Amino acid sequence: MGLKQSLIDNNAIKLQASANDWREAIKIGTDMLIASGAIAPSYHEAIISSVEQLGPYIVIAPNLALPHARPENGVLKTAFALVTLDKPIYFEGEDEPVDVLITLAGSSSDEHMEGLMEVTQVLDDEDSETGVDLDKLRRCRSAEDVYQVIDQALADAL
């Protein structure tokens, strides 16, 4: 199950959303996956409490967060959700704000790693200082735009 198909199946894209803080930002993504039946509400709670305990481990590059918890914390099927924010939010302990969030629910460690690799492939940009190009997702105004970005990135990777 690829990133694009998962976003389509779970109706899990929210662009230019507004959130007042990181908790709200994470909830936008997890709400879509709860609605689609991909995760139980406990998965959302696990992400929030993990960030509270461990700090912002989900911020994997400047401006990019990958909200996730362990498969056993309520993943019913492997799925992704994509959220871009109109105004960035801050995580305590991070200097750079976040405005792109890709929620990752892997039903097993293998699925989790595969998902991570596909996200990395889509965003990878050797020319950027941070190693990722988030502008291509920030520019998206429709789900169709997002699918094109993913298709293009995977075509380029071949």
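Just so we're clear, the structure is a prediction, and the values are computed from it rather than from any experiment. Going along each chain's sequence as written, the residues are numbered from 1 onward. Totals for whole chains, interfaces and linings use all residues, but because this is a predicted model, local features are given only for residues with pLDDT of at least 70 and pairs of side-chain atoms are given and counted only at 80 or more. Derived side-chain values reflect all non-hydrogen atoms in the structure, with water molecules and hydrogen atoms excluded from consideration.

Draft legend 1. The arrangement of the side chain of Thr78 in detail. Topologically, Thr78 is positioned in the loop between strand S3 (64-65) and strand S4 (79-89). Whether a residue is buried, partly exposed or exposed follows from its accessible area with a 1.4 Å probe, protein chains only, as a fraction of its type maximum: under 20%, in between, or over 50%, in that order. By relative accessible area, Thr78 is classed as buried at 9%. Reaching out from Thr78, the side chain makes a polar contact with the side chain of Ser107 at a distance of 2.8 Å. In this structure the side chain of Thr78 is engaged in a polar contact, spanning 3.1 Å, whose partner is the side chain of Glu111. Whether two residues are in contact is decided by their heavy atoms, any of which lying within 4.5 Å being enough. In this structure Thr78 touches Ser6, Ala105, Gly106, Ser107 and Glu111, once residues within four positions along its chain are discounted. For helices the rule is a DSSP run of H or I covering at least 4 residues; for strands it is a run of E covering at least 2, with both sets numbered from the N terminus onward. The definition of a polar contact used here is a pair of N or O atoms within 3.5 Å, where within protein one atom must be able to donate a hydrogen and the other to accept one, and adjacent residues in sequence count solely through side-chain atom pairs.

Draft legend 2. The packing of aromatic side chains, seen in detail. Two rings from Phe, Tyr or Trp (for Trp, the six-membered ring) form a pair when their centres sit within 6.5 Å of each other. Planes less than 30 degrees apart are called stacked, planes more than 60 degrees apart edge-to-face, and all others tilted. Summed over all chains, the structure comprises one aromatic pair. A centroid spacing of 5.5 Å and a plane angle of 25° characterise the contact between Trp22 and Phe91, whose relative ring orientation is stacked. Of this pair, Trp22 sits in helix H2 (residues 22-35) while Phe91 sits in the loop between S4 and strand S5 (98-105), placing them 69 residues apart in sequence. You'll find Trp22 and Phe91 in the same group, each marked buried.

Draft legend 3. Quick peek at the environment of Asp110. Within the secondary structure, Asp110 sits in helix H4 (residues 109-123). It is 19 Å that separates the C-alpha atoms of Asp110 and Leu7, two residues lying 103 residues apart in sequence.

Draft legend 4. Quick peek at the pattern of salt bridges. Salt bridges, as used here, are contacts in which a Lys or Arg side-chain nitrogen is within 4 Å of a carboxyl oxygen on Asp or Glu. In total, this model carries five salt bridges according to the counting rule given. Note that Lys27 and Asp31 form a salt bridge whose closest N and O atoms lie 2.8 Å from each other. Here Lys27 and its partner Asp31 are both found in helix H2, four residues apart, which amounts to about one turn of the helix. Given a relative accessible area of 39%, Lys27 falls into the partly exposed group.

Scope: geometric values only; no functional claims are made or implied.
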